[in-house]
Amino acid sequence: MMRLIRARIDSAALRANLQAIRARAPASRVMAVVKANAYGHGLVPTALALPDADAFAVARLEEAITLRDNGLKRRIVLLEGVFDAAQLAQAAQLELDLVVHQPLQIELLERFRGPRPLPLWLKVDTGMNRLGFRPEEFRAAWERLRGLQPAPLQLRVLTHLACADEADGGATAEQLERLRPLVAGLEVELSIANSAAILAQPSTHASWVRPGLALYGVSPFAAQRGAQLGLRPAMTLESTVIALREVASGERVGYGGVWRAQRASRLAIVAAGYGDGLPRGIPSGAPVLIGGHRAPLAGRVSMDMIAADITDLPPVSVGDRVEIWGSRLAVEELAVAAGTIPYELLCGVSQRVPIELV
Ligand SMILES: *Cc1c(COP(=O)(O)O)cnc(C)c1O
């Protein structure tokens, strides 16, 4: 079936990015973060495309269930843990690794009479102030988990960095300083680094790294693109020209008529809109790629369509392919134009867009 829009996922790029991450953090195991539908790349296809990842990480139990239902046998870490006894029983049955970040979760574990011990990750809040035990609560939480019956299969420690993408590593250094005394003398596997820390702060690598964005070939830094970091963008969001239009100078285009032709103009109407996950806030002037040429958007993003100004392009036909972002037009660039971050663009690709793994 001919598809107007699709997200083409380059599985070789995913694997190359995993290798690039391993080269940066050679002493660490890699927990591939595939939450939020693998940042829009498709949860199951992405996980299956990465047979060499040491583990996968998801945010929600449903995501882990989907992976197990699709035959994924490897370690899966549930980053937000479980919230009631039924979830805990299900997580145990699926042999998930659980993050434990608050007392409620310890109580659930203490009451749980499961068939087998669970692998646990105790989360410490070293400065993000979102999830995790505060440093002064760490020791008590650690002891309670060690005292579980049966004892945890493994007990590991993780923390999350708030500012790893900042060139000034001051905030990260402070977080590491809060962590250090807590784990000094404990023979424990540690996980600290997200993509930005993997790429920029080797002192955070520890036993396990947790790349998300970098795995997808995209840069977590505002000033750099994935390609500059040795990564390959895995997703190309591709659509199709569905109509052509000529407008006279002075005519307006799209909802609200916010774009007005400054000259006689040719437009390509492209099947991609906010119903596919393009933010409505992408302004006129932001580029798409048609036949390898950059064409600026003209007027508002609507639900199913955008218009691109092709006046300066060689002839374009109905049916021509359009790159919204991907291997030749960096999602980082569109994110800047749209006033957002590449994470949000990638995760926002909607269910209507078929994913094709190549
Ligand atoms: C999402 C997430 C990551 C991955 O972050 P990236 O910046 O995409 O690499 C790592 N750790 C935790 C706890 C997360 O929630």
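The structure presented is a predicted model; accordingly, all values stated were derived computationally and were not measured. Along each chain, residue indices are assigned from 1 in the same order as the chain's sequence is written. Owing to the predicted nature of the model, reporting of local features is limited to residues with pLDDT of at least 70; listing and counting of side-chain atom pairs is limited to 80 or more, with chain, interface and lining totals taken over all residues. In computing side-chain values, all of the structure's heavy atoms are included and hydrogens and water are not.

## Remarks on the overall build of the chain
Alright, step 1. Strands are runs of DSSP state E lasting at least two residues, helices are runs of H or I lasting at least four, and both sets are numbered from the N terminus onward. Each helix and strand counted, the chain has 11 helices and 18 strands in total.
Alright, step 2. Each of the three principal axes of the chain carries a C-alpha extent, and together these read 75 × 45 × 35 Å.
Alright, step 3. Out of the 358 residues in the chain, the part that is buried amounts to 53%.
Alright, step 4. Note on contacts: a residue pair is in contact if any heavy atoms of the two residues lie within 4.5 Å. In the chain, once contacts between residues fewer than 6 apart in sequence are set aside, the share between residues at least 24 apart is 63%.
Alright, step 5. Only carbon and sulfur atoms are counted for the fraction: they give 51% of the accessible area of the chain, which is about 15,700 Å².
Alright, step 6. Between the centroid of the 39 positive side chains of the chain and the centroid of its 36 negative side chains there is a distance of 2 Å. Burial classification: accessible surface area is computed with a 1.4 Å probe over protein chains only, and a residue below 20% of its type maximum counts as buried, one above 50% as exposed, and the rest as partly exposed. In this description, accessible areas are obtained by the Shrake-Rupley approach with a 1.4 Å probe, and a residue is regarded as covered only by the protein chains that are shown. Counting rule applied: Lys, Arg positive; Asp, Glu negative; His and chain ends not counted. Working definition for charges: the position is that of NZ of Lys, CZ of Arg, CG of Asp or CD of Glu.

## Structural notes on empty space enclosed by the protein
Alright, step 1. Only protein atoms enter the 1 Å grid used here, on which a cavity is any set of points holding a 1.4 Å probe that cannot leave and a pocket is any open set flanked by protein within 12 Å on both sides along at least five of seven lines; residues with an atom within 4 Å of a point are listed as lining. Grid points are joined across faces, edges and corners, and a volume is the space filled by probe spheres set on the points. Evaluated as defined, the whole model comprises 5 cavities of 30 Å³ or more.
Alright, step 2. Within this model, the largest cavity holds a volume of roughly 100 Å³.
Alright, step 3. Estimates place the volume of the second largest cavity at around 50 Å³.
Alright, step 4. Along its surface, the second largest cavity is lined by K123, V124, D125, T126, G127, M128, R130, L131, T159, H160 and Q175.
Alright, step 5. A breakdown of the residues in the lining of the second largest cavity according to their chemical character gives 3 nonpolar, 5 polar and 3 charged. Residues are grouped as follows: nonpolar covers Ala, Val, Leu, Ile, Met, Phe, Trp, Tyr, Cys and Pro; charged covers Asp, Glu, Lys and Arg; every other residue, Gly included, is treated as polar.

## Some thoughts on the site of the ligand
Alright, step 1. Taken together, V33, K35, Y39, L79, H160, N194, S195, R210, P211, G212, L213 and Y343 are the residues near the ligand.
Alright, step 2. In the environment of the ligand, an oxygen atom lies 2.8 Å from a nitrogen or oxygen atom belonging to the backbone of G212.
Alright, step 3. Backbone polar atom of L213 to an oxygen atom of the ligand: 2.8 Å apart, as the coordinates give it.
Alright, step 4. In isolation the ligand offers 380 Å² of accessible surface; the protein chains occlude 92% of this area.
Alright, step 5. Criterion for pocket placement: a molecule counts as inside a cavity or pocket if more than half of its atoms are within 2 Å of its grid points. Because more than half of its atoms lie within 2 Å of the grid, the ligand is assigned to the largest pocket.
Alright, step 6. A breakdown of the residues in the shell around the ligand according to their chemical character gives 6 nonpolar, 4 polar and 2 charged. Put simply, a residue is near a molecule or strand once any heavy atom of it comes within 4 Å of that molecule or strand. Identification of polar contacts relies on pairs of N or O atoms within 3.5 Å, with a donor-acceptor requirement for protein atoms, meaning one able to donate a hydrogen and the other able to accept it, and with residues adjacent in sequence counted only if both atoms are side-chain atoms.

Worth remembering: the numbers are spatial, not functional.
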